[in-house]
Amino acid sequence: DFLDEDNVFIEKNVELEDFVVINASKGPVYIDENVVVHAHTRLEGPLYIGKNSVVAANSVVNKNVPDNTLVGGCPAKVIRNLLDPNNWLWLIIDR
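All values derive from a computational prediction rather than experimental measurement.

What follows is about the environment of P28. Mapped onto the fold, P28 is located in the loop between strand 4 (21-23) and strand 5 (29-31). By relative accessible area, P28 is classed as partly exposed at 40%. With 18 residues separating them along the chain, P28 and P46 place their C-alpha atoms 4.8 Å apart. Once residues within four sequence positions are removed from consideration, P28 is found in contact with N7, F9, G45, P46 and L47.

Here it is as structure tokens:
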């Protein structure tokens, strides 16, 4: 676990890619286990990112992210639940 003076909590197995900005000036930012935050993303506290979630590149996240969720956009919105087997069809169809 990681805690710094700016109210940023990062659990184990978290991948923060290049140019990720975490702003905890308005409240704490908590990133749970096994999360990937892709490049050029801004995280605005107060914020919780749930376990096993993915944040798409170039996103601005200002609301909590549930466990096992893919979010993206500006502002970030839920794209899909990563555990729903019906959501994996796009991997096959889009190829």
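Quick look at the pattern of salt bridges now. Following the criterion strictly, the structure yields one salt bridge and no others. Between E44 and R42 there is a salt bridge whose closest N-O contact spans 2.2 Å. Judged by its relative accessible area of 18%, E44 falls in the buried class.

Below, the discussion takes up the pairing of strand 11 (residues 69-73). For strand 11, the tally of buried residues reaches four of five residues, placing the bulk of the element in the interior. Pairing analysis gives two bridges linking strand 9 (residues 54-55) to strand 11, with the strands arranged parallel. Residue V54 lies in a different strand from strand 11, and its bridge partner there is L70. Pairing between strand 11 and strand 12 (residues 76-81): five bridges, direction antiparallel. Looking at strand 12, one finds that G72 is bridged to K77.

Read from one edge to the other, the open sheet built from five strands follows the order 3-6-9-11-12, with strand pairing classed as mixed. Two strands in the sheet have a free side with no partner beyond their single neighbour: strand 3 (15-16) and strand 12.

A separate point is the packing of aromatic side chains. Following the criterion strictly, the structure yields two aromatic pairs and no others. Ring geometry for F9 versus Y30: centroids 6.1 Å apart, planes at 40 degrees, classification tilted. With F9 in strand 2 (residues 8-10) and Y30 in strand 5, this residue pair connects regions lying 21 residues apart in the sequence. The exposure class assigned to Y30 is partly exposed, which follows from its relative accessible area of 26%. Taken together, the ring pairs connect F9, Y30 and Y48 into an aromatic cluster.

Criteria and thresholds
Residues numbered from 1 in each chain as written. Predicted model: local features only at pLDDT ≥ 70, side-chain atom pairs only at ≥ 80, totals over all residues. Heavy atoms only, no water. Helix = DSSP H or I, 4+ residues; strand = E, 2+ residues; numbered from the N terminus. Buried < 20%, exposed > 50% of the residue type's maximum accessible area, 1.4 Å probe, protein only. Contact = heavy atoms within 4.5 Å. Salt bridge = Lys/Arg side-chain N within 4 Å of Asp/Glu carboxyl O. Pairing = 2+ DSSP bridges. Phe/Tyr/Trp six-rings, centres within 6.5 Å; stacked < 30°, edge-to-face > 60°.

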